[in-house]
Amino acid sequence: MAEANIMVAEDQFSCPVCLEILKDPVTTACGHSYCMGCIKNCWDQTDHTGVYSCPQCRETFTPRPVLRRNTVLTEVVEKLKKTRCKPPPVQTYAGPGDVPCDFCTGRKFKAVKSCLTCLASYCETHVKPHYEGAAFKGHKPINAIGNLEQKLCSKHQKVLDVYCRTDQRCICVLCTVKKHKSHDTVSAEKERTGKQKQLGETQTEIQQRIQERLKETEELKQAVESLKRSACIEIKESEKIFTELIRSIEKIHTEVIELIGANEKAAVNEAEGLMKKLDQEIAELRRRNTELKQLSETEDHIHFLQNFQSLCAPPDLLSITVNTDISFGAVRKAVSELKDHIEDFCKGGLSKITKTVNETAVFTLGSRSSDRRFKVNQVAVYSLQTPEPRKRAEFLKYSCQLTLDPNTAYRELCLSEGNRKVTLRGETQLYPDHPERFDYWEQVLCREGLSGTRFYWEIEWSGDGAEMGVTYKGISRKGEDNSCILGRNDKSWSLEFDDSSYTAWHNNKRTVITAPCSTRIGAFLDFNAGTLSFYGVSDTMTLLHRFQTTFTELLYPALWPDCDSTVSICQLN
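Here the structure is a predicted model, which means the values were calculated and not measured. (Residues numbered from 1 in each chain as written. Predicted model: local features only at pLDDT ≥ 70, side-chain atom pairs only at ≥ 80, totals over all residues. Heavy atoms only, no water.)

A look at the overall build of the protein chain
What counts here: Labels follow the DSSP assignment, with helices taken as runs of H or I lasting at least four residues and strands as runs of E lasting at least two, numbered in each case from the N terminus. We take the radius of gyration over the C-alpha atoms and set the globule estimate at 2.2 Å times the residue count to the 0.38 power. For every residue, the accessible area obtained with a 1.4 Å probe (protein chains only) is divided by the maximum for its type, and the residue is called buried under 20%, exposed over 50%, and partly exposed between those limits. By definition, residues are in contact when any of their heavy atoms lie within 4.5 Å.
The number of helices and strands found in the protein chain is eight helices and 25 strands. Its C-alpha atoms give the protein chain a radius of gyration of 53 Å, more than 25% over the compact-globule value 25 Å for 573 residues. In terms of its C-alpha atoms, the protein chain occupies a principal-axis envelope of roughly 195 × 70 × 60 Å. For the protein chain, the proportion of its 573 residues judged to be buried stands at 31%. Considering only residue pairs separated by 6 or more positions, the protein chain has 56% of its internal contacts joining residues 24 or more positions apart.

Encoded structure:
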């Protein structure tokens, strides 16, 4: 109990300025006590104004009061020092960036509150009168802030506690009397309340934009990953194609060499055979020549006449014409022409490939400043999403040529018009067995696999209805479960339609679509963006449904006509 009493006494006899036990205590006319040195230092700083106030209650004195030592208080303080057992509580001194207490002398403590009425900041000790003293009842301390002079009207030196909506600025009460007399003015607190709500809405918009940016960042990451996967696939596929092309050229090279060699060998063999016969004829002629010589020298007339006829008969000799200018120069010329033709063809193909590759983009930048929902200080926001075409002419820039693959067609599907038209009939077609053929569902895929860029195609249909879409090559072909059905598994996406409705399918999830019936439907695939969009085609393009995903493999367009229905892939260019 004695220790508690000492604590209370020490608190009561501490100087409000230095927070130490009073030293040479003096008491002002308002009844507050200070160290002689502390109050003198405070008043020395305000000598230029001629107005002196109590640091606690702010009562003013004019002229400067004469300070005299309070002898009774001095004796009490001396006794308190003798019984003092604890130092004053430790506070944090003001550092760089902190607001210092305006009433601490020497090294200042960190202010915890500021008063807009007093235009001063206080540490934990010096702010206590604002909560305990009746003189500060109307004051509202706030968290410590610096530059309090900026809260005063530069003209009237009054607190800026009024807001002029007309001029969009803070003013003091005296400003409302003259310059802002006819303006729309409210208290700063009321205007803050209204703008606080607006600030909250702006914060919500910013948070939404942050979420959108995060989503777009993730989509961009996915697009980049998709591009990498697509590039890897295309590199492998291109290597395979070029390897086959090189093999074809090497095969032609081998065949030409073998052809020249075979012709050379045949000609040499034939010539050697002829030379052997010529050698035989030469030997025979030499033998006959010898016999003729002997016959001419004989003296036996009878022998001469008996052998003359047989020896003088003309011999049966080969008739040979030798081509002395023989060569394979014409073959070399034909090979050279083939080389030039392939080089010219490859140059044109490379130009087309280069253009296609350069048109493959992960994103485009477009201004979103027209978005009126979000404008803060005219900050420009950009979209990383590539805009899709809107007009049919813009879609046609991405048109591709497709043909149906007979090796995949269900046996009751009849293909015609260069494999661009399919009709479901109740008659089995004479298709050979093939592992890629659908054996239960009436479906057919296109030969062409799509990836890496944008593609657009259109179909026309008639009859009871049909279904169109795209699928990975790995979709099952045998059996009747969902793994074989277009749109009913995670490998395919489709749009089902008839003369009254549309239904989008993916992974066996259906989305019913309400839209006017169209007998011509367009499909727009943006492989890198991971979108597949279906449109009703007429005078305008009506978006029916858009799938958003990440494509990881080549996509093959597919068709599934109903009974007695016909679907044709349109010729777009």
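Focus on the side chain of Asn528
The condition that has to hold: N or O atoms closer than or at 3.5 Å make up a polar contact, with two conditions inside protein: a donor-capable atom paired with an acceptor-capable one, and, for residues adjacent in sequence, both atoms drawn from side chains.
Tracing the chain through its elements places Asn528 in the loop between strand 21 (520-526) and strand 22 (531-537). Among the residues examined, Asn528 registers a relative accessible area of 4% and is labelled buried. At 3.0 Å, the side chain of Asn528 and the backbone oxygen of Gly452 are in polar contact.

Here's the deal with the side chain of Asp526
Turning to its location among the elements, Asp526 is positioned in strand 21. A relative accessible area of 7% places Asp526 in the buried class. Among the polar contacts made by the side chain of Asp526, one reaches the main-chain amide nitrogen of Ala529 at a distance of 3.3 Å.

Examining the pattern of salt bridges
Just so we agree on the cut-off: What makes a salt bridge here is a side-chain nitrogen of Lys or Arg within 4 Å of a carboxyl oxygen of Asp or Glu, nothing more.
Across all of its chains, the model carries 19 salt bridges by this definition. Across the pair Arg392 and Glu458 runs a salt bridge whose closest N-O atoms are separated by 2.9 Å. Of the two residues, Arg392 is situated in helix 8 (residues 392-395) and Glu458 in strand 16 (residues 454-462); the sequence distance between them amounts to 66 residues. By relative accessible area, Glu458 is classed as buried at 0%. Note that Arg488 and Glu467 form a salt bridge whose closest N and O atoms lie 2.5 Å from each other. Separated by 21 residues along the polypeptide, Arg488 in the loop between strand 17 (466-472) and strand 18 (492-497) and Glu467 in strand 17 bring together distant segments of the chain. Owing to a relative accessible area of 13%, Arg488 belongs among the buried residues under this scheme. When salt bridges that share partners are traced, they join Arg165, Asp184, Glu191 and Lys195 into one network.

A few points about a negative patch on the surface
Using the following cut-off: Residues enter patches when they are more than 30% accessible in relative terms and free of salt bridges; like-charged ones are connected within 9 Å and nonpolar ones (Val, Leu, Ile, Met, Phe, Trp, Tyr) within 5 Å. In short, Shrake-Rupley with a 1.4 Å probe defines the accessible areas, and a residue's cover is counted only from the protein chains shown. We count Lys and Arg on the positive side and Asp and Glu on the negative side, and we leave His and both chain ends out. The atoms used to mark charge sites are NZ of Lys, CZ of Arg, CG of Asp and CD of Glu.
On the surface, a cluster of negative charge is contributed by Asp464, Asp499, Asp562 and Asp564. Among the secondary structure elements, Asp464 is positioned in the loop between strand 16 and strand 17.

Brief notes about the confidence of the model for the protein chain
Counted only if it meets this: The predictor's confidence in any single residue is recorded as pLDDT, a number from 0 to 100.
Looking at the protein chain, pLDDT values average 84 and 91% of them are 70 or higher. Confidence drops under a pLDDT of 50 for residues 1-8, and excluding neighbours within four residues, the segment shows five contacts in the predicted structure. Long-range and interchain partners of residues 369-385, a stretch whose pLDDT sits below 50, account for 29 contacts in this model, where long-range means more than four residues apart.

Structural notes on the sheet that holds strand 10 (residues 185-187)
Put simply, the rule is: Any two strands between which DSSP finds at least two bridges are classified as paired. Each axis is a line fitted through C-alpha atoms, and for a helix only the stretch in contact is used; angles between axes span 0 to 180 degrees, taken between their N-to-C directions.
Reading across the sheet, the three strands line up as 9-8-10 and stay open at both edges, with antiparallel pairing between neighbours. This sheet does not close on itself; its edge strands, each paired only once, are strand 9 (169-171) and strand 10. Between one strand and the next, the sheet's axes are offset by a mean angle of 35 degrees, whatever the strand orientation. Here strand 8 (residues 162-164) pairs with strand 10 via three bridges, running antiparallel. Within the sheet, the bridge partner assigned to Val162 lies in strand 10 and is Ser187. The strands touched by helix 5 (residues 188-297) within the sheet are strand 8 and strand 10, with strand 10 carrying the most contacts at an inclination of about 90 degrees.

Some thoughts on helix 5
Rule in force here: In this analysis, the expected span of each helix is defined as 1.5 Å times one less than the number of residues it contains.
Compared with the 164 Å implied by 1.5 Å per residue over 110 residues, the 156 Å span of helix 5 between its first and last C-alpha is a close match. Taken together, the buried positions of helix 5 are occupied by Glu191, Arg209, Glu216, Ala223, Ser226, Ser230, Glu281, Arg288 and Leu295. In the core, the buried residues of helix 5 are packed alongside strand 8, strand 10 and helix 6 (301-312).

Let's talk about the packing of helix 5 against helix 6
Under the convention used in this document: Roughly parallel means an angle under 35 degrees; roughly antiparallel means over 145; roughly perpendicular covers 65 to 115; every other angle is labelled oblique. The hand of a helix crossing depends on one turn: near helix anticlockwise from the far one by less than a right angle means left-handed, and clockwise means right-handed. When residues are sorted by character, Ala, Val, Leu, Ile, Met, Phe, Trp, Tyr, Cys and Pro go into the nonpolar class, Asp, Glu, Lys and Arg into the charged class, and all the rest, Gly among them, into the polar class.
At a minimum axis distance of 10 Å, the contact between helix 5 and helix 6 shows a crossing angle of 155 degrees. Classified by the angle between their axes, helix 5 and helix 6 sit roughly antiparallel to one another. You can see that helix 5 and helix 6 cross each other, and the crossing is left-handed. In this structure, helix 5 uses Arg288, Glu291, Leu292, Leu295 and Ser296 to contact helix 6, whose residues at the interface are His303, Phe304, Asn307, Phe308, Ser310, Leu311 and Cys312. Of the residues in the contact of helix 5 with helix 6, the class split is six nonpolar, four polar and two charged.

Some words on the sheet that holds strand 13 (residues 413-416)
Backbone hydrogen bonds hold the strands of a sheet together, and the pairing may be parallel or antiparallel. Sheet architecture is open: seven strands sit in the order 13-14-25-16-21-22-23, paired in antiparallel fashion. At either margin of the open sheet sits one strand with a lone partner, and together these are strand 13 and strand 23 (541-548). Adjacent strand axes in the sheet meet at a mean angle of 20 degrees, parallel and antiparallel pairs treated alike. Note: strand 21 against strand 22, six bridges, orientation antiparallel. Bridged to Leu525 within strand 22 is Leu532.

Details of a positive patch on the surface
A contiguous patch of positive charge on the surface is contributed by Lys155, Arg169, Lys178 and Lys179. With respect to the helices and strands, the residue Lys178 is situated in the loop between strand 9 and strand 10.

Remarks on the packing of aromatic side chains
Each aromatic ring pair is described using two quantities: the centre-to-centre distance and the angle formed by the ring planes. Put simply, the rule reads: Side-chain rings of Phe, Tyr and Trp (the six-membered ring for Trp) are treated as a pair once their centres are within 6.5 Å; stacked means planes under 30 degrees apart, edge-to-face means over 60, and tilted covers the remaining angles.
Evaluated as defined, the whole model comprises 16 aromatic pairs. With a centroid separation of 4.6 Å and an interplanar angle of 15 degrees, the aromatic rings of Tyr93 and Phe109 are classed as stacked. In this pair, Tyr93 sits in the loop between helix 3 (71-83) and strand 5 (113-115) while Phe109 sits in the loop between helix 3 and strand 5, placing the two residues 16 residues apart along the sequence. Given the relative accessible area of 37%, Tyr93 is considered partly exposed. Owing to a relative accessible area of 12%, Phe109 belongs among the buried residues under this scheme.

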